[in-house]
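Secondary and tertiary structure notes
Chain by chain, the residues:
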Amino acid sequence: MSHAAEMTMDAVLSVAWERVSANLNQFYGDAIFRSWLKPMVYVSQEEGKLHLGVPTRFMREWINTHYMDEITRIWEQQPESEGYALTIDVTGAPAVISPMTMNIAEQAAERKEAQAAENAENDAQMGAQLDPRYTFENFVVGKPNELAFAAARRVAESAQVVQGCNPLFLYGGVGLGKTHLMHAIAWHIRRESPQRRVMYLSAEKFMYQFIRALRFKEALAFKEHFRSVDVLMIDDVQFIAGKDSTQEEFFHTFNALVDQNKQLIISGDRSPSDLEGIEERVRSRLGWGLVADIHATTYELRLGILQSKIDNLSGTQIPQKVVEFLAHKITSNVRELEGALNRVVAHSTLVGRPITLETTQEVLHDLLRANDRRLSIEDIQKQVAGHYNIKVSDMHSARRSRVVARPRQVAMYLAKKLTSKSLPEIGRKFGGKDHTTVMHAVKRVEELMGSDHEFAQDIELLSRMLQS
Ligand code: ADP
Ligand code: MG
């Protein structure tokens, strides 16, 4: 091909790209376009390839990950696309991108914009994933989460890596506040020490980006990207169980950061030693620093959380009875507790009626049943039998000896209090007893609780253990 012909092809493709670019602007809107897509410009073409240029490696990675499918789709709609696959290069300063079509002022403006885009990309990458409500101020501290909270605060407030807390490993069941605490750390650092580079992402995203990087042969940029941060947080690490090459990369990233004295914060749904499908060396590294678990909520913590959420819902009146009912019944996790409260409030607002215990039970019908289902009568029988050192089979027997009769009554009482099973249903589970027997048991236990303080405490303890 002659030089002149190439110039012409350049011009043709460059115009075609302008068209695609305008399309992308329409498709994604101004904000995304300006930050990510506008800086991507036509550079050159060769056999079968059309080269686009962006200012930074990270930008290329980001575009490849998030926008490439759509860009390709629009490109392929252009008649000029025939025989040209898109590929993105890192061209550094935007000035070299298309000098022919830009004057000095435009180049300067373009460069400034690319810089802004690069700053925005760091913010966007972080900020987009951070929930503004997940701050330390909005976190209610109680016995089950006080260690995790204290450790998170400590790491957030320290200007450097906290010795003995690297990594900080937070673990606990779903919906108990792991993500909340991690976001809180990120918000705190962003506000108090904005020069520290914080990165938060889920293990899933980590893996996804890693795979993209491999596919686009950018493993090096990927490594650099992660290793340039001061604080790296990876949420839900259990996700990489069984994903060997991701684990491998994670392990290396981890080591590189620890060696450079960078702070790591990892969360998981169980302790490092209990993580299945994760290599031994990775597990042991995860347990190197401080391992802080978040326990299941207690009644007191649930009350506190509800109270704090209600305080934020300015103006909504919620009877204390309803609050206590929710704290008592929605024991699964904080996310469901919040959801329940929101539903009750939304319902009351919609129908324009005050919140009562009755409406609450009605609105949360399905949720209450689901929470009950989690605690079965069998669970209660097992726990109570264990507590009083009798056999579970004694729960079903007709023996009247006090040694077994009293625990059986306690189990019936707890079944009535902690599940929504009816009296006949409960009776059936205790070896086919009559519902009046259950009713009698409930009454008897209540009486005893009123007169025998120690007994009452015992029941309270049992009930708490069953709910956690
Ligand atoms: P996890 O990541 O452990 O599954 P999240 O952090 O997503 O749980 O928490 C679930 C929901 O419960 C979030 O809306 C969070 O704000 C809320 N939450 C959890 N623990 C607390 C707490 N101690 N105080 C206030 N809100 C909490
Ligand atoms: Mg989470």
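Details of the structure are given in the entry above.
Here goes a summary of the coordinates provided. The structure displayed is predicted, hence computed values, not measured ones.

Time to look at the environment of Ile211. Looking at the element boundaries, Ile211 is found in helix α8 (residues 203-215). Residue Ile211 is classed as partly exposed on the basis of its relative accessible area, which comes to 36%. A sequence separation of 146 residues divides Ile211 from Thr65, and the C-alpha atoms of the two residues are 9.9 Å apart.

Note that the residue after Asn166, namely Pro167, is joined by a cis bond; omega there is 5°. Counting through the fold element by element, Pro167 comes out in the loop between α6 (146-157) and β4 (168-172). Positive phi, normally seen in glycine, also occurs at Asn261, with a value near 65°. Along the polypeptide, Asn261 turns up in the loop between α10 (244-259) and β7 (263-268). By relative accessible area, Asn261 is classed as partly exposed at 48%.

It is worth spelling out the site of ligand 1 at this point. Taken together, 18 residues form the shell around ligand 1, and within it Val140, Gly175, Thr179, His180 and Glu338 come nearest. Lys309 places a side-chain nitrogen or oxygen 3.2 Å from a nitrogen atom of ligand 1. Within the side chain of Arg335, one N or O atom sits 2.8 Å away from an oxygen atom of ligand 1. With the chains in place, 96% of the 560 Å² that ligand 1 exposes on its own is no longer accessible. In this structure, ligand 1 is accommodated by the largest pocket. Taken together, the elements giving at least two residues each to the shell around ligand 1 come down to α7 (178-192), α12 (299-312) and α14 (334-351). Looking at the shell around ligand 1, you find at least three residues from each of domain 2 (136-294) and domain 3 (299-369).

Here the focus is the packing of α6 against α7. Geometry of a packed helix pair, given as the angle between the helix axes and the separation of the axes. Taken N-terminus to C-terminus, the directions of α6 and α7 make an angle of 25°; their axes are 9 Å apart at the nearest point. Relative to α7, the element α6 is oriented roughly parallel. The chirality of how α6 crosses α7 is right-handed. Every residue of α7 that contacts α6 at Ala148, Phe149, Ala152, Arg153, Ala156 and Glu157 is listed here: Leu181, Ile185, His188 and Ile189. Here the residues of the contact of α6 with α7 are counted per class, giving 7 nonpolar, 1 polar and 2 charged.

One open sheet holds the 3 strands; their spatial order is β1-β2-β3, and the pairing between them is mixed. Each of the sheet's edge strands pairs with one partner strand only, and the pair in question is β1 (41-46) and β3 (85-90). Across the sheet, the mean angle from the axis of one strand to that of its neighbour is 30°, orientation sign disregarded. Summarising the sheet, β1 and strand β2 (residues 49-54) pair through 5 bridges and their orientation is antiparallel. Following the sheet pairing, Tyr42 is matched in β2 by Leu52. Running over the sheet, helix α3 (residues 57-66) touches β2 and β3 and is turned about 150° from β3. Sheet contacts for helix α4 (residues 68-76): β2 and β3; angle to β3, the most-contacted strand, approximately 130°.

This paragraph deals with the layout of surface pockets. Considering only enclosed or pocket space, the largest pocket measures out at about 720 Å³ in volume. If you trace the largest pocket, you find 31 residues lining it, with Tyr134, His180, Lys309, Val334 and Glu338 closest to the centre. Breaking the lining of the largest pocket down by element, the ones donating at least two residues are α7, α12 and α14. Per-class residue counts for the lining of the largest pocket are 12 nonpolar, 12 polar and 7 charged. In this structure, the lining of the largest pocket is formed jointly by two domains, domain 2 (136-294) and domain 3 (299-369), each of which donates at least three residues.

Counted at 1.5 Å a residue, the expected span for helix α20 (residues 435-451) with its 17 residues is 24 Å, and the 25 Å between its end C-alpha atoms agrees. Every buried residue belonging to α20 is among Val438, Ala441, Val442, Val445 and Leu448, and all of these are buried. For α20, the buried positions fall inside an angular range of 135° around the axis, keeping them on one side. Exposed and oriented more than 90 degrees from the buried face of α20 are Lys443, Gly450 and Ser451. Of the surrounding elements, those touching the buried residues of α20 are α18 (402-418), α19 (423-429) and α21 (453-467).

The next thing to look at is the side chain of Asp131. Structurally, the position occupied by Asp131 is in the loop between α5 (104-127) and α6. Residue classification places Asp131 among the buried positions, given a relative accessible area of 17%. Those residues in contact with Asp131, other than ones at most four positions away along the chain, are His183 and Trp187.

Rules of the game
Residues numbered from 1 in each chain as written. Chains lettered and ligands numbered in written order. Predicted model: local features only at pLDDT ≥ 70, side-chain atom pairs only at ≥ 80, totals over all residues. Heavy atoms only, no water. Helix = DSSP H or I, 4+ residues; strand = E, 2+ residues; numbered from the N terminus. Buried < 20%, exposed > 50% of the residue type's maximum accessible area, 1.4 Å probe, protein only. Near = heavy atom within 4 Å. Polar contact = N/O pair within 3.5 Å; in protein donor to acceptor, adjacent residues only side chain to side chain. Areas by Shrake-Rupley, 256 points an atom, 1.4 Å probe, with all protein chains shown as cover. 1 Å grid on protein atoms, 1.4 Å probe; cavity = no way out; pocket = protein on both sides within 12 Å on 5 of 7 lines; lining within 4 Å. Sits in = over half its atoms within 2 Å of the grid points. Domains from an automatic or database assignment. Axes fitted to C-alpha atoms, helices over the stretch in contact; angles between N-to-C directions. Parallel < 35°, antiparallel > 145°, perpendicular 65-115°, else oblique. Left-handed = near helix turned anticlockwise from the far one by under 90°. Contact = heavy atoms within 4.5 Å. Nonpolar A, V, L, I, M, F, W, Y, C, P; charged D, E, K, R; others polar. Pairing = 2+ DSSP bridges. Points joined across faces, edges and corners; volume = space filled by probe spheres on them. Expected span 1.5 Å × (residues − 1). Arc of directions from axis to C-beta.

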